[in-house]
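# Observations on the model geometry
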Amino acid sequence: MVFDVLTLFPEMFESVLNTSILGRAIKKGLIKVNLYNIRDFAKNKHKRVDDYPYGGGCGMVMMPQPLFDAFYYIAQLNGGTLPTVIYFSPQGTTFNQKIATDFSKADHLVLLCGHYEGIDQRIIDNFVDVEISIGDYVLTGGELPAMIFIDSVSRFVSGVLGDEQSAREESFSNGLLEYPQYTRPYDYQGHKVPEVLLSGNHKEINKWRKLHSLNNTLIKRPDLLKNTELSAEDKQMMRILKQRT
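Presented here is a report on the structure given in the accompanying data block. What you are looking at is a predicted structure, and each value in this text was computed from that prediction instead of being measured.

## Some details on the overall build of the protein chain
Along the protein chain, the regular secondary structure elements total nine helices and nine strands. Principal axes of the C-alpha set define a box for the protein chain whose edges measure 70 × 40 × 35 Å. Among the 245 residues that make up the protein chain, the fraction classed as buried is 41%. In the protein chain, of all internal contacts separated by at least 6 residues, the share reaching a separation of at least 24 is 73%. When the accessible surface of the protein chain is totalled, it reaches about 14,700 Å², and 50% of it is carbon and sulfur. When the 27 basic and 29 acidic side-chain charges of the protein chain are each reduced to a single mean position, those positions are 6 Å apart.

Okay, structure coming up:
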């Protein structure tokens, strides 16, 4: 899978893309990230990419020319076709696990990192396919959202995670929060691991995990339950949990 990233600060990505799971995935050739400095496409003497907004107002707006040419360049590299372009914006659809899963099926994506007060609307009108927000707050630029997007989407690319089951079982993958996790030692300062997890009875372990997944969701994110399809057994567990609260 290929990510083309258009940014004013490519150096921000270096440590993220060279460490941990992403670093290993890139070395294995499972994903590829091309970083393009938007200033390299500016045609003016000082490589300026922003200007004052028409109509007045605070801040600066990214100009069309550098980004138009950047998109033309990427399209040329891809036989005249521009891959799906994603722009990170507070006005976009809120990013979630389903969106990450859907985009992981793509072969090639272009990620646009805005800055200043935003980008000229003509860039959005002519090139952007999807606007995505990572939350209802404002950041200084699109670089951090782009890193989050790459990390989240890459987890669903085959081979990126050592355990494929991990991506399917973690929080949000089934609409619920994940169950509690434990590791050795069994007894640490008097705090013991639940006995069922040591039983070897996988049916009972799965039942325990589902119960605590539902409980975590009910306590911490009850809003998620509105959009989660529960089995008859899950609903019975929910009734028991609600009686306890």
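## Here's the deal with the pattern of salt bridges
Throughout the structure, instances matching the rule amount to seven salt bridges. For Asp50, the salt bridge goes to Arg48, with nearest N and O atoms at 3.9 Å. When salt bridges that share partners are traced, they join Arg48, Asp50 and Asp51 into one network.

## A closer look at the sheet that holds strand E1 (residues 2-7)
Read across the open sheet, the five strands follow the order E2-E1-E6-E5-E7; overall the sheet is parallel. For this open sheet the edge positions go to strand E2 (32-37) and strand E7 (130-133), each flanked by a neighbour on one side alone. Adjacent strand axes in the sheet meet at a mean angle of 30°, parallel and antiparallel pairs treated alike. Where E1 meets strand E6 (residues 108-112), five bridges bridge the pair, whose relative direction is parallel. Bridged to Val2 within E6 is His108. Where helix H6 (residues 143-154) meets the sheet, its contacts fall on E1, E2, strand E5 (84-94), E6 and E7, and the angle it forms with E1 comes to roughly 175°.

## Comments concerning H6
Here H6 is twelve residues long and its end C-alpha atoms lie 16 Å apart, about the 16 Å a rise of 1.5 Å per residue gives. By the criterion of burial, H6 is predominantly enclosed, with nine of the twelve residues buried.

## Section: a nonpolar patch on the surface
Nonpolar side chains collect at one region of the surface, where Met12, Tyr137, Leu139 and Leu144 lie side by side and expose about 350 Å² of accessible area between them. Within the element layout of this structure, Leu144 appears in helix H6. By relative accessible area, Leu144 is classed as partly exposed at 45%.

## Observations regarding the packing of aromatic side chains
Summed over the entire model, instances satisfying the criterion amount to ten aromatic pairs. A centroid spacing of 6.1 Å and a plane angle of 75° characterise the contact between Tyr36 and Tyr73, whose relative ring orientation is edge-to-face. Pair noted here: Tyr36 is in strand E2 and Tyr73 is in helix H3 (residues 64-77), with a separation of 37 residues, a long-range link. Taking the relative accessible area as the measure of exposure, Tyr36 reaches 15% and is therefore buried. Exposure remark for Tyr73: the relative accessible area of 35% places this residue in the partly exposed category.

## Here we look at the packing of helix H8 (residues 202-220) against helix H9 (residues 232-244)
Axis separation between H8 and H9 bottoms out at 10 Å; the angle between their running directions is 55°. As the angle between them shows, H8 and H9 are arranged oblique. Here H8 runs over H9; the crossing is right-handed. For the pair H8 and H9, the contacting residues are Lys207, Lys210, Leu211, Leu214, Asn215 and Leu218 in the first and Asp234, Met237, Met238, Leu241 and Lys242 in the second. Of the residues in the contact of H8 with H9, the class split is six nonpolar, one polar and four charged.

## Regarding unusual backbone geometry
Cis peptide bonds are those with omega within 30 degrees of zero, and the linkage from Arg184 to Pro185 qualifies with 5°. Here Ser20, not a glycine, exhibits a phi torsion of approximately 55°, which is positive. Backbone geometry places Tyr116, a non-glycine residue, at a positive phi of 60°. Judged by its relative accessible area of 35%, Tyr116 falls in the partly exposed class.

Here is what the cut-offs are and how they apply
Residues numbered from 1 in each chain as written. Predicted model: local features only at pLDDT ≥ 70, side-chain atom pairs only at ≥ 80, totals over all residues. Heavy atoms only, no water. Helix = DSSP H or I, 4+ residues; strand = E, 2+ residues; numbered from the N terminus. Buried < 20%, exposed > 50% of the residue type's maximum accessible area, 1.4 Å probe, protein only. Contact = heavy atoms within 4.5 Å. Areas by Shrake-Rupley, 256 points an atom, 1.4 Å probe, with all protein chains shown as cover. Lys, Arg positive; Asp, Glu negative; His and termini not counted. Charge placed at Lys NZ, Arg CZ, Asp CG, Glu CD. Salt bridge = Lys/Arg side-chain N within 4 Å of Asp/Glu carboxyl O. Pairing = 2+ DSSP bridges. Axes fitted to C-alpha atoms, helices over the stretch in contact; angles between N-to-C directions. Expected span 1.5 Å × (residues − 1). Patch = residues over 30% accessible without salt bridge, like charges linked within 9 Å, V, L, I, M, F, W, Y side chains within 5 Å. Phe/Tyr/Trp six-rings, centres within 6.5 Å; stacked < 30°, edge-to-face > 60°. Parallel < 35°, antiparallel > 145°, perpendicular 65-115°, else oblique. Left-handed = near helix turned anticlockwise from the far one by under 90°. Nonpolar A, V, L, I, M, F, W, Y, C, P; charged D, E, K, R; others polar.

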